[in-house]
Each structure stands twice: as C-alpha cells, then as structure tokens.
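# Analysis of the macromolecular model
This is what each chain is made of:
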Amino acid sequence: MNTKLTRTQVIEIVGPLDESLIAQVLDAEATPAELEMARVLAEKQDTSDLTGPSVRTPVVHRLYDILRADLPERDA
C-alpha cells in the first residue's frame, strides 16, 4: 500500500524546507518513494543515467520542480 507523505516525512527525506514548499510537496499527494526519487534527481547534476517509469511520473516531475526551486536558497 502506498501511503501519502506527512510533514515529518518530508523533512526527514529532504531536510528543512520553507513551509510553503512543504505544503506544495504535501499537495502533490506523493508517496515517500516518489519524494525520494525527486530528491535524488534534484541533487544530481547529470540525470542522464536515471531512466525508467518511476522517474517519468508526473508526481516525481512536480516534486523535482518544487525541490529545484529551493536549491539556490539552501546552497547559500
């Protein structure tokens, strides 16, 4: 059974985020595995080696966009 993420899980998987970004992640109704995949993608410089159906799901893409939008702030 795929369970939806909780706020605590979001923080455990990706670290501290702005509350608005946490809300966006939760609104995506993703599973922990989907968020983990998006985190890996967002942190990689070269994602050409990542293929497969789980990488291409709309939810993973949405989460990827949310996480990438936060990276410049987190790196500063």
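Attention here is on the structure that accompanies the text. (Residues numbered from 1 in each chain as written. Predicted model: local features only at pLDDT ≥ 70, side-chain atom pairs only at ≥ 80, totals over all residues. Heavy atoms only, no water.)

What follows covers the pattern of salt bridges. With the rule as written, the count across this model stands at 3 salt bridges. Of the charged contacts in the structure, one is a salt bridge between Arg7 and Glu19, with a shortest N-O distance of 2.4 Å. Of this pair, Arg7 sits in helix H1 (residues 7-14) while Glu19 sits in helix H2 (residues 19-27), and the two are 12 residues apart along the sequence. Among the salt bridges present, the one from Arg39 reaches Glu36, with a minimum N-O distance of 2.3 Å. Pair noted here: Arg39 and Glu36 are both in helix H3 (residues 32-43), with a separation of 3 residues, about one helical turn. (Salt bridge = Lys/Arg side-chain N within 4 Å of Asp/Glu carboxyl O. Helix = DSSP H or I, 4+ residues; strand = E, 2+ residues; numbered from the N terminus.)

Let us look at the packing of H1 against H3. Packing of H1 against H3 brings their axes to within 10 Å, and their N-to-C directions diverge by 30°. On the basis of their axis angle, the class for H1 and H3 is roughly parallel. The handedness of the crossing between H1 and H3 comes out as right-handed. Of the residues in H3, those touching H1 at Gln9, Val10, Ile13 and Val14 are Pro32, Leu35, Glu36 and Arg39. Classifying every residue of the contact of H1 with H3 by side-chain character gives 5 nonpolar, 1 polar and 2 charged. (Axes fitted to C-alpha atoms, helices over the stretch in contact; angles between N-to-C directions. Parallel < 35°, antiparallel > 145°, perpendicular 65-115°, else oblique. Left-handed = near helix turned anticlockwise from the far one by under 90°. Contact = heavy atoms within 4.5 Å. Nonpolar A, V, L, I, M, F, W, Y, C, P; charged D, E, K, R; others polar.)

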